[in-house]
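Structural overview for review
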Amino acid sequence: FRRQRQSGIRYCDNLVLPYPFLLLSWWLASQSLYLLACIASYLFFAAAFRQAHDGYHHSLGVSKNVITGLLLLLSVVLLTSLHSIRASHMEHHRDPLGDNDVEGNLAKMRWWQALLGGITYRLDIYRQGLMLSSLTNRRWAWLEFSLIAVVIIIALTFTLCSILNTITPTYAKLVQVLDYHLLTMLLANASVGIIAVWGVHHDCDETVARTERYPLVNLLTFNLLYHVEHHLFPAVPSNHLPE
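The following refers to the structure shown. Every value quoted in this text rests on a predicted model; they were computed, and no experiment measured them.

Thresholds applied
Residues numbered from 1 in each chain as written. Predicted model: local features only at pLDDT ≥ 70, side-chain atom pairs only at ≥ 80, totals over all residues. Heavy atoms only, no water. Helix = DSSP H or I, 4+ residues; strand = E, 2+ residues; numbered from the N terminus. Rg over C-alpha atoms; globule rule 2.2 N^0.38 Å. Buried < 20%, exposed > 50% of the residue type's maximum accessible area, 1.4 Å probe, protein only. Contact = heavy atoms within 4.5 Å. Areas by Shrake-Rupley, 256 points an atom, 1.4 Å probe, with all protein chains shown as cover. Lys, Arg positive; Asp, Glu negative; His and termini not counted. Charge placed at Lys NZ, Arg CZ, Asp CG, Glu CD. Patch = residues over 30% accessible without salt bridge, like charges linked within 9 Å, V, L, I, M, F, W, Y side chains within 5 Å. Salt bridge = Lys/Arg side-chain N within 4 Å of Asp/Glu carboxyl O. Axes fitted to C-alpha atoms, helices over the stretch in contact; angles between N-to-C directions. Parallel < 35°, antiparallel > 145°, perpendicular 65-115°, else oblique. Left-handed = near helix turned anticlockwise from the far one by under 90°. Nonpolar A, V, L, I, M, F, W, Y, C, P; charged D, E, K, R; others polar.

Looking only at helices and strands, one finds eleven helices and zero strands in the chain. Counting from the amino terminus, helix and strand elements in the chain follow one another as α-α-α-α-α-α-α-α-α-α-α. Relative to the globule expectation of 18 Å for 243 residues, the C-alpha radius of gyration of the chain, 19 Å, shows essentially globular dimensions. For the chain, the C-alpha atoms occupy an extent of roughly 60 × 45 × 35 Å along the three principal directions. Counting all 243 residues of the chain, 46% fall into the buried class. For the chain, the proportion of contacts with a sequence separation of at least 24, taken over those separated by at least 6, is 65%. Working note: accessible area of the chain is about 13400 Å², and carbon and sulfur atoms make up 68% of it. Charge centroids of the chain, computed over 17 positive and 16 negative side chains, lie 8 Å from each other.

Quick look at the structure:
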C-alpha cells in the first residue's frame with residue numbers, strides 16, 4: 001500500500017511538474033526580468049517535454065483521454081504539434097537510427113549541422129508524423145496546428161495594437177508576456193533537436209543511444225538523458241529511469 005501511495009504521488013508530480021515553471025517565467029517576464037525568465041522557461045520546456053514524452057508512451061499513470069488532453073494543452077503552450085511528433089517518435093522506437101527514422105536523422109550530422117537544421121528538422125517530423133498517423137491522431141494534430149495558428153495571430157494582432165498605442169497599459173503588459181513566451185518557445189523548438197536527438201544519439205551504432213551520468217545534468221534535464229534505459233524500457237516513466 002505504501003509503495004502504491006508513493007507511486008501515485010510521483011504520478012501526480014509528473015502531471016503538475018511543468019506548470020509552476022511556466023507561471024514563474026510569465027511573472028518574471030512581466031517584471032522585465034528576462035534572464036531569470038529564460039531560466040524558468042527552459043525548466044518549463046524541459047519538464048513539459050518530459051511530460052509529453054511520457055505521454056507518448058502512456059507512462060503518466062492516467063487514461064488515454066487525459067493524455068490526449070495534456071498533449072493538446074502542451075501543444076498550444078509549446079507551439080508544436082505533439083500528436084504529429086508522437087507518431088514519428090513511435091517510428092523512431094521501431095527503427096532507431098534506421099532509414100525510416102526521420103527523428104534520428106540529426107544524429108547522423110555534425111553538431112553545427114544539427115544546430116542549424118533544427119527548423120527544417122521539425123517540419124520533417126511534422127510531415128512524417130502526419131503521414132504515419134491514424135485518422136484520429138491526424139485530426140488531433142491538425143487541431144493543434146489550428147490552435148497554434150490562432151494563438152500566433154492573436155499575439156501579432158495585440159503586438160500591432162501595442163505598437164500603435166491603442167491598448168491600455170494592462171494589456172500592454174499582457175502583450176509583453178505573450179511576445180516573450182512565443183519567442184522563447186519558437187527558439188526552444190528550433191534548438192531542441194541538438195540536445196534531445198543529436199546529444200543522445202550521435203556516433204552511436206549498435207548501442208543506439210547514450211546515457212548521461214552527471215547528476216546535475218540529469219537534474220536539470222529531468223532524467224530525459226537516461227536514453228539507453230529509455231530505449232530498453234520505453235514504458236518506464238522518466239522519473240524511474242535511474243532505477
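Read on for the rest.
Turning our attention to a nonpolar patch on the surface. The grouping of Leu24, Trp27, Leu33, Leu35, Leu36 and Ile39 at the surface amounts to a nonpolar patch, some 620 Å² of accessible area in total. Top contributing element to the nonpolar patch by residue count: helix α3 (residues 34-56), with three residues. Mapped onto the elements, Leu35 comes out in helix α3.

A few words now on the pattern of salt bridges. Evaluation of the coordinates by the stated rule reveals three salt bridges. Residue Asp124 is joined to Arg127 by a salt bridge in which the shortest nitrogen-to-oxygen separation is 2.7 Å. Residue Asp124 and its partner Arg127 are both found in helix α7 (residues 118-132); the two are separated by three residues, about one turn of the helix. Under the relative-accessibility criterion, Arg127 is labelled exposed at 54%.

Time to look at the packing of helix α2 (residues 18-30) against helix α9 (residues 169-201). Running from amino to carboxyl end, α2 crosses α9 at an angle of 125°, the nearest separation of the two axes being 9 Å. The orientation of α2 with respect to α9, classified from their angle, is oblique. Crossing hand, α2 versus α9: right-handed. Every residue of α9 that contacts α2 at Leu22, Ser25, Trp26, Ala29 and Ser30 is listed here: Lys173, Gln176, Val177, Tyr180 and His181. Of the residues assigned to the contact of α2 with α9, the class counts are five nonpolar, four polar and one charged.

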